[in-house]
Number of protein chains: 2
Amino acid sequence: MTIADLIENYIKQQLHRSGNQAIALSRAELAELFSCVPSQINYVLATRFTLERGYLIESRRGGGGYIRIARVTKADRLDMAEQLVLEIGPQISESEAEQFLANFHDLGVLTEQQMRVVRAVLQRETAQIAQGKATLRASLLRGLVILTMQCGRMNEV
Amino acid sequence: MTIADLIENYIKQQLHRSGNQAIALSRAELAELFSCVPSQINYVLATRFTLERGYLIESRRGGGGYIRIARVTKADRLDMAEQLVLEIGPQISESEAEQFLANFHDLGVLTEQQMRVVRAVLQRETAQIAQGKATLRASLLRGLVILTMQCGRMNEV
DNA sequence: CCCTCCCTGACCATATCTGACCTTTGCTTT
DNA sequence: AAAGCAAAGGTCAGATATGGTCAGGGAGGG
């Protein structure tokens with residue numbers, strides 16, 4: 001558990017408490033609370049509270065400045081997931097794939113565990129080949145996500 | 001008894017102690033404990049803790065990095081299917097893929113519906129590309145089957 | 001002798017954390 | 001107003017801490 005993780009959890013907890021809407025924080029106070037430099041807060045925000053993960057950040061400097069963190073509302077999760085699948089191009093890098101997985105997870109399409117399995121399969125299958133990794137990864141990701149969504153649906157019934 | 005074996009046993013012991021769920025390790029510490037180079041740990045993980053054997057590995061680099069080993073097994077079904085998955089070569093034709101699907105179905109690894117989904121995904125994903133159809137098909141089939149097995153297992157619990 | 005498995009070390013990739021320096025905003029003083 | 005000052009927050013390069021990869025050497029059983 002790094003400081004970044006602790007800060008992340010704290011912020012999410014605060015968000016949850018506020019009804020998953022939005023909260024306003026003071027960067028300096030947060031840094032004080034966790035005994036770190038203020039820029040550490042920016043680091044956490046930049047790496048954990050991105051738009052892809054469903055968060056909106058806005059801030060103001062100067063006296064009375066603040067950092068506002070809002071949860072992005074999603075209309076229909078499956079629709080968005082389908083949109084995401086469509087957005088996976090012919091090729092995709094490892095980190096991009098990770099982004100997509102995080103997205104699906106945030107949308108509630110993939111559980112932690114399902115995500116792990118998909119990730120493991122992706123790594124496993126792309127590890128062997130020399131060329132065309134990105135292409136294979138894209139195809140696999142699409143397929144695995146689609147299948148997982150189906151699994152989820154089947155299990156619900 | 002090689003060092004690799006010792007490390008393997010140690011990890012399995014730790015897993016057992018944790019109730020066969022999951023454990024987090026530090027690669028550096030483990031290497032230190034067994035007086036070997038860190039990459040030796042990777043070797044053990046890559047050869048002994050594979051998906052086929054029922055283990056899931058995930059890791060993170062950088063500060064606060066870790067290696068997480070999770071058990072996903074219930075060996076019987078895996079053993080059967082593992083054999084099949086292993087037999088899928090680097091490339092596979094459409095009709096061969098169909099054969100494998102039938103086999104998985106006969107083993108009770110895939111339900112009718114899961115088979116249909118896998119088939120659909122295979123067709124869908126290989127339809128787009130011009131070259132390397134057989135290779136992609138093999139990778140996808142392996143991945144989809146593994147994923148489906150995992151899904152099945154997860155739901156049983 | 002050859003093959004497979006084990007082991008090592010050099011080099012690479014990535015996450016976290018810090019501090020120096022910069023920008024914006026509001027209030028106060030001329 | 002304009003200038004000056006204080007109080008936020010922002011950026012970025014670099015240090016530190018992990019883990020990953022790969023080619024090659026070595027050991028032991030056919």
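### Concerning the nonpolar core
Here is a general trend for soluble globular proteins: nonpolar side chains tend to be buried in one another's company.
Move 1: If you look at the biggest cluster of nonpolar residues, it comprises 46 residues, and the most contacted ones within it are F104 and L141 of chain A together with L141 of chain B.
Move 2: Of all elements in the fold, only α4 (77–87), α5 (94–106), α6 (112–128) and α7 (133–156) of chain A together with α5 (94–106), α6 (112–128) and α7 (133–156) of chain B reach the threshold of two or more residues within this core.
Move 3: In terms of residues, this core owes the most to one element, α7 of chain B, which gives seven residues.
Move 4: Excluding residues within four positions of it along the chain, L141 of chain B makes contact with I88, I92, A97, F100, L101, V118 and L122 of chain B.

### Digging into the protein's contact with DNA strand C
Move 1: Surrounding DNA strand C, one finds 26 residues, the nearest of these being Y43 and R60 of chain A together with S39, Y43 and R60 of chain B.
Move 2: Counting only atoms of DNA strand C within 4 Å of the protein, the fraction found in sugar and phosphate groups is 66%.
Move 3: R61 of chain A is positioned with one of its side-chain polar atoms (N or O) 2.7 Å from a base oxygen of DNA strand C.
Move 4: A distance of 2.8 Å separates a phosphate oxygen of DNA strand C from a polar backbone atom of A4 of chain B.
Move 5: At the level of elements, α1 (3–17) and α3 (38–48) of chain A together with α1 (3–17) and α3 (38–48) of chain B are the ones that each hand at least two residues to the surface near DNA strand C.

### As for the protein's contact with DNA strand D
Move 1: Near DNA strand D, the surroundings consist of 28 residues, among which N42, S59 and R61 of chain A together with N42 and G62 of chain B are the closest.
Move 2: Of all DNA strand D atoms lying within 4 Å of any protein atom, the proportion belonging to sugar or phosphate reaches 60%.
Move 3: One of the backbone nitrogen or oxygen atoms of A28 of chain A is found 3.1 Å away from a phosphate oxygen of DNA strand D.
Move 4: One of the side-chain N or O atoms of R61 of chain A is found 3.0 Å from a sugar or linking oxygen in DNA strand D.
Move 5: Contributions of two or more residues to the surface near DNA strand D are made by α2 (27–33), α3, β2 (55–60) and β3 (66–71) of chain A together with α2 (27–33), α3, β2 (55–60) and β3 (66–71) of chain B.
Move 6: Among the residues forming the surface near DNA strand D, the class breakdown is seven nonpolar, 15 polar and six charged.

### Thoughts on unusual backbone geometry
All names here are of chain A.
Move 1: In the Ramachandran plot, S35 falls in the positive-phi region, its phi being about 50° despite a non-glycine side chain.
Move 2: Within the secondary structure, S35 is located in the loop between α2 and α3.
Move 3: Relative accessible area serves as the criterion here: at 65%, S35 is assigned to the exposed category.

### Here we look at the sheet that holds strand β1 (residues 22–25) of chain B
All names here are of chain B.
Move 1: Spatially, β1-β3-β2 is the arrangement adopted by the three strands of the open sheet, whose pairing is antiparallel. Each edge of the open sheet is held by one strand with a lone partner, namely β1 and β2. Neighbour-to-neighbour, the strand axes of this sheet turn through a mean angle of 15°, independent of strand direction.
Move 2: Of the strand pairs in this sheet, β1 and β3 are connected by four bridges, and their pairing is antiparallel. Note on β3: the bridge partner recorded for A22 is A70.

### Remarks on the packing of α1 of chain B against α3 of chain B
Residue and element names in this part refer to chain B.
Move 1: At a minimum axis distance of 10 Å, the contact between α1 and α3 shows a crossing angle of 70°. Our classification of the angle between α1 and α3 gives roughly perpendicular. Taking contact as the criterion, the partners of I3, A4, D5, I7, E8 and I11 in α1 are, on α3, Q40, I41, Y43, V44, L45 and R48.
Move 2: Here the residues of the contact of α1 with α3 sort into eight nonpolar, one polar and three charged.

### Quick look at the packing of aromatic side chains
Move 1: All chains considered together, the criterion is met by four aromatic pairs over all chains.
Move 2: Summarising the aromatic geometry, the rings of Y10 of chain A and F34 of chain A are spaced 5.5 Å apart at their centres and angled 75° between planes, so their arrangement reads as edge-to-face. Residue Y10 of chain A is located in helix α1, and its partner F34 of chain A is located in the loop between α2 and α3; the two are separated by 24 residues in the primary sequence.
Move 3: Residue classification places Y10 of chain A among the partly exposed residues on the basis of a relative accessible area of 24%.
Move 4: Ring geometry for F49 of chain B versus Y55 of chain B: centroids 4.7 Å apart, planes at 75°, classification edge-to-face.

### Some remarks on the pattern of salt bridges
Move 1: Scanning the entire structure with this criterion turns up 12 salt bridges over all chains.
Move 2: The closest approach of N and O atoms between D5 of chain A and R48 of chain A, which form a salt bridge, is 2.5 Å. With a gap of 43 residues between them, D5 of chain A in helix α1 and R48 of chain A in helix α3 connect regions that are remote in the sequence. Like D5 of chain A, the residue R48 of chain A is buried in the burial classification.
Move 3: Ionic pairing is found between E8 of chain B and R48 of chain B, a salt bridge with its closest N-O pair at 3.0 Å. With E8 of chain B in helix α1 and R48 of chain B in helix α3, this residue pair connects regions lying 40 residues apart in the sequence. Across this residue pair, the class does not change: E8 of chain B and R48 of chain B are buried.
Move 4: Residues joined by salt bridges that share partners form a network here, namely D5, E8, K12 and R48 of chain A together with R60 of chain B.

### Describing the side chain of E58 of chain B
Move 1: Note that E58 of chain B resides in strand β2.
Move 2: Those residues in contact with E58 of chain B, other than ones at most four positions away along the chain, are R116 and R119 of chain A together with Y66, I67 and R68 of chain B.

Criteria and thresholds
Residues numbered from 1 in each chain as written. Chains lettered and ligands numbered in written order. Predicted model: local features only at pLDDT ≥ 70, side-chain atom pairs only at ≥ 80, totals over all residues. Heavy atoms only, no water. Core = buried A, V, L, I, M, F, W, Y, C linked by side-chain atoms within 4.5 Å. Buried < 20%, exposed > 50% of the residue type's maximum accessible area, 1.4 Å probe, protein only. Helix = DSSP H or I, 4+ residues; strand = E, 2+ residues; numbered from the N terminus. Contact = heavy atoms within 4.5 Å. Near = heavy atom within 4 Å. Polar contact = N/O pair within 3.5 Å; in protein donor to acceptor, adjacent residues only side chain to side chain. Nonpolar A, V, L, I, M, F, W, Y, C, P; charged D, E, K, R; others polar. Pairing = 2+ DSSP bridges. Axes fitted to C-alpha atoms, helices over the stretch in contact; angles between N-to-C directions. Parallel < 35°, antiparallel > 145°, perpendicular 65-115°, else oblique. Phe/Tyr/Trp six-rings, centres within 6.5 Å; stacked < 30°, edge-to-face > 60°. Salt bridge = Lys/Arg side-chain N within 4 Å of Asp/Glu carboxyl O.

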